[in-house]
Amino acid sequence: MESIAFFDAKPYDREWFDKINRDFEIRYFEGRLRPENARLAEGSRAVCAFVNDVVNAKTVEILSSAGVEVILMRCAGYNNVALKAAKEHGLRVLSVPAYSPYSVAEHAMGLILALNRKIPRAYIRTRDFNFSLNGLTGFDLHGKTAGVIGTGRIGRVFIDICRGFGMEVLAHDPKPSPDIPAQYVDREELFKRSDIISLHCPLTRETRYIIDEGAIALMKKSALVVNTSRGQLIDTEALLSALNDKRIGGAALDVYEEESGLFFEDNSDKIVTDEVISLLVSRPNVLITSHQAFLTEEALRNIAEVTLKNYSDYLSGGKLDNEVKAKDT
Ligand code: NAD
């Protein structure tokens, strides 16, 4: 039976892969894939990796020398994979381009509602029988303007959700879609006019730090920034500085540029030395979740099904619909 070396395995991964898997032996490893442990893949022709695994050129080289032929990314993004190195070593890379745009878009709106209406603060208060409303004032979303950067699968679901709330929607995407119920504008106009700004584009050379000092300077002082895409879309130090100076209204972050090694893990009994996240966590107008936007039953089922089908397609020599190639970055 063919086997898959499965890295960064969490209980919810195992639950769904074990439920769906019929054809393969899955060797689960808890550690994130990185050069130091890539050799563990020896004996498997496929490795399965996730968003914060370190699939750099060194890892790829070791995987290749260990006999690995395929990297199965169980996620949509593949910015952490050295695609050129994979190509040079003849490794194929497959991903799960779409598993549930609803999971991420709904989480983005959940974050906005929680941040704007201060629901986590209210929850903590009422748990302690503090029923005061002081400091909990939000604003109506109805009639406000949402700015959506990236109108692909997730962005368009998010736009529909915003429209359901009675919001105007401005959008920015280098490849506009004709049937999107939003007005496409340039980035500067979107930053200037939006009450909430939600990021739904991939992390590429062009989009790294798409929210930087300059972008923040254009925003309304009340603007809420929401990032459920990739941490490096935001220059976090610039964001923190703007929050400190009250130059923006707040931020909801499901991703963080230095999340690797921190997110997805329980660090509650450790001293977290990352000063930026420590300061962000302490701000009343910041809400952080730990890259959980994808975490719905539907998404986990689809991820397991498509990842395993990707490998079956590879083994049968069939067409690889979900192959990612170096030129795609
Ligand atoms: P998609 O490929 O369907 O859409 C991405 C859109 O971004 C495309 O329309 C593309 O043209 C646009 N884009 C590219 N460059 C841009 C730029 N410079 N400015 C504005 N738009 C640009 O992808 P998707 O399925 O909608 O996913 C979007 C992103 O969400 C992924 O790349 C991934 O990083 C992130 N994601 C996060 C989670 C999570 O759990 N937090 C889960 C899944 C995906």
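Residues numbered from 1 in each chain as written. Predicted model: local features only at pLDDT ≥ 70, side-chain atom pairs only at ≥ 80, totals over all residues. Heavy atoms only, no water.

*Asks:* If you had to explain the sheet that holds strand 5 (residues 92-94) to someone new, which residues and values would you point to?
*Replies:* Spatially, 2-1-3-4-5 is the arrangement adopted by the five strands of the open sheet, whose pairing is parallel. Looking at the sheet topology across the chains shown, the edges are occupied by strand 2 (25-28) and strand 5. Here the strands of the sheet are splayed against their neighbours by 25° on average, with no regard to which way each runs. Judged from the three bridges that link them, strand 1 (residues 3-6) and strand 3 (residues 46-49) form a sheet pairing that is parallel. What sits directly across from Ile4, in strand 3, is Ala46. The strands touched by helix 1 (residues 11-20) are strand 1 and strand 2; relative to strand 2, the strand with the most contacts, the crossing angle is about 175°. (Pairing = 2+ DSSP bridges. Helix = DSSP H or I, 4+ residues; strand = E, 2+ residues; numbered from the N terminus. Axes fitted to C-alpha atoms, helices over the stretch in contact; angles between N-to-C directions. Contact = heavy atoms within 4.5 Å.)

*Asks:* Please give an account of the side chain of Arg125 that cites residues and values.
*Replies:* Position of Arg125 relative to the elements: it lies in helix 5 (residues 119-127). No salt bridge is formed by the buried Arg125. Its closest oppositely charged neighbour is Asp128, at 9.4 Å. Excluding residues within four positions of it along the chain, Arg125 makes contact with Asn130, Ser132, Leu133, Asn134 and Leu136. (Buried < 20%, exposed > 50% of the residue type's maximum accessible area, 1.4 Å probe, protein only. Lys, Arg positive; Asp, Glu negative; His and termini not counted. Salt bridge = Lys/Arg side-chain N within 4 Å of Asp/Glu carboxyl O.)

*Asks:* Could you give an account of the sheet that holds strand 6 (residues 145-149), with specific residues and numbers?
*Replies:* Spatially, seven strands are ordered 8-7-6-9-10-11-12 in an open sheet, and the strand pairing comes out parallel. Each of the sheet's edge strands pairs with one partner strand only, and the pair in question is strand 8 (183-184) and strand 12 (286-288). Relative to strand 12, strand 11 (residues 250-253) runs parallel, the two being bridged by three bridges. Along strand 12, the bridge assignment pairs Ala252 with Leu287.

*Asks:* Before we move on, could you go through the site of the ligand and cite the residues and values that matter?
*Replies:* Residues in close proximity to the ligand total 22 residues, the closest being Tyr99, Arg153, Ile154, Asp173 and Thr228. About the coverage of the ligand: the protein hides 85% of its 870 Å² of free accessible area. Residue composition of the shell around the ligand, by class: nine nonpolar, nine polar and four charged. (Near = heavy atom within 4 Å. Areas by Shrake-Rupley, 256 points an atom, 1.4 Å probe, with all protein chains shown as cover. Nonpolar A, V, L, I, M, F, W, Y, C, P; charged D, E, K, R; others polar.)

*Asks:* How would you explain the packing of helix 9 (residues 236-244) against helix 10 (residues 275-282) if you had to name every residue and give the values?
*Replies:* Their axes nearest at 11 Å, the elements helix 9 and helix 10 cross at an angle of 35°. The chirality of how helix 9 crosses helix 10 is left-handed. Along the contact surface, helix 9 presents Thr236, Glu237, Leu240 and Leu243, while helix 10 presents Val276, Leu279 and Leu280. Tallied by class, the residues present in the contact of helix 9 with helix 10 amount to five nonpolar, one polar and one charged. (Left-handed = near helix turned anticlockwise from the far one by under 90°.)

*Asks:* Tell me about helix 4 (residues 101-116), residues and numbers included.
*Replies:* Relative to the 22 Å expected for 16 residues at 1.5 Å per residue, helix 4 spans 23 Å between its end C-alpha atoms, a close match to the ideal helical length. Along helix 4, twelve of the 16 residues are buried, which leaves the element largely enclosed by surrounding structure. When helix 4 is considered as a whole, its buried residues turn out to be Pro101, Ser103, Val104, Ala105, His107, Ala108, Met109, Leu111, Ile112, Ala114, Leu115 and Asn116. Two residues or fewer past helix 4, Lys118 is found with a positive phi of approximately 55°. (Expected span 1.5 Å × (residues − 1).)

*Asks:* Got a sec to walk through the packing of helix 4 against helix 6 (residues 153-164)? Specific residues and values, please.
*Replies:* Direction vectors running N to C along helix 4 and helix 6 enclose 45°, while the axes themselves pass 8 Å from each other. Here helix 6 runs oblique to helix 4, going by the angle between their axes. Crossing angle aside, the handedness with which helix 4 passes helix 6 is right-handed. Every residue of helix 6 that contacts helix 4 at Pro101, Tyr102, Val104, Ala105, Glu106, Ala108, Met109 and Ile112 is listed here: Arg153, Ile154, Val157, Phe158, Ile161 and Cys162. Of the residues belonging to the contact of helix 4 with helix 6, the class tally is twelve nonpolar, no polar and two charged. (Parallel < 35°, antiparallel > 145°, perpendicular 65-115°, else oblique.)

*Asks:* Tell me about the domain arrangement of the protein, and name the residues and values.
*Replies:* The assigned domain composition of the protein is domain 1 (3-99 + 296-328) and domain 2 (101-288). Taking only C-alpha atoms, the centre of domain 1 and the centre of domain 2 are 30 Å apart. Across the boundary between the two partners, domain 1 contributes 14 residues, which contact ten residues of domain 2. Between domain 1 and domain 2, a total of about 1000 Å² is buried, with carbon and sulfur atoms accounting for 51% of that surface. At the boundary of domain 1 with domain 2, the tally comes to one salt bridge. Two residues, Lys10 and Glu265, come together in a salt bridge whose shortest N-O distance is 3.1 Å. Where domain 1 meets domain 2, there are four residue pairs in polar contact (both at pLDDT 80 or more). Counted by class, the side of domain 1 that touches domain 2 contains seven nonpolar, four polar and three charged residues. (Domains from an automatic or database assignment. Buried area = accessible area lost by both parts, 1.4 Å probe. Polar contact = N/O pair within 3.5 Å; in protein donor to acceptor, adjacent residues only side chain to side chain.)

*Asks:* Outline the nonpolar core, supporting the account with residue identities and numerical values.
*Replies:* By size, the foremost hydrophobic cluster in this structure holds 86 residues, and its most contacted members are Val47, Leu63, Ile71, Ile211 and Met219. Tallying contributions element by element places helix 11 (residues 297-315) first for this core, with seven residues. Two domains each donate at least three residues to this core, and these are domain 1 (3-99 + 296-328) and domain 2 (101-288). Setting aside anything within four residues of it in sequence, one finds Ile211 in contact with Phe191, Ile197, Leu199, Ile216, Met219, Leu233, Ile234 and Asp235. If you look at the next biggest cluster of nonpolar residues, it comprises 22 residues, including Ala105, Leu111, Leu115 and Ile159. (Core = buried A, V, L, I, M, F, W, Y, C linked by side-chain atoms within 4.5 Å.)

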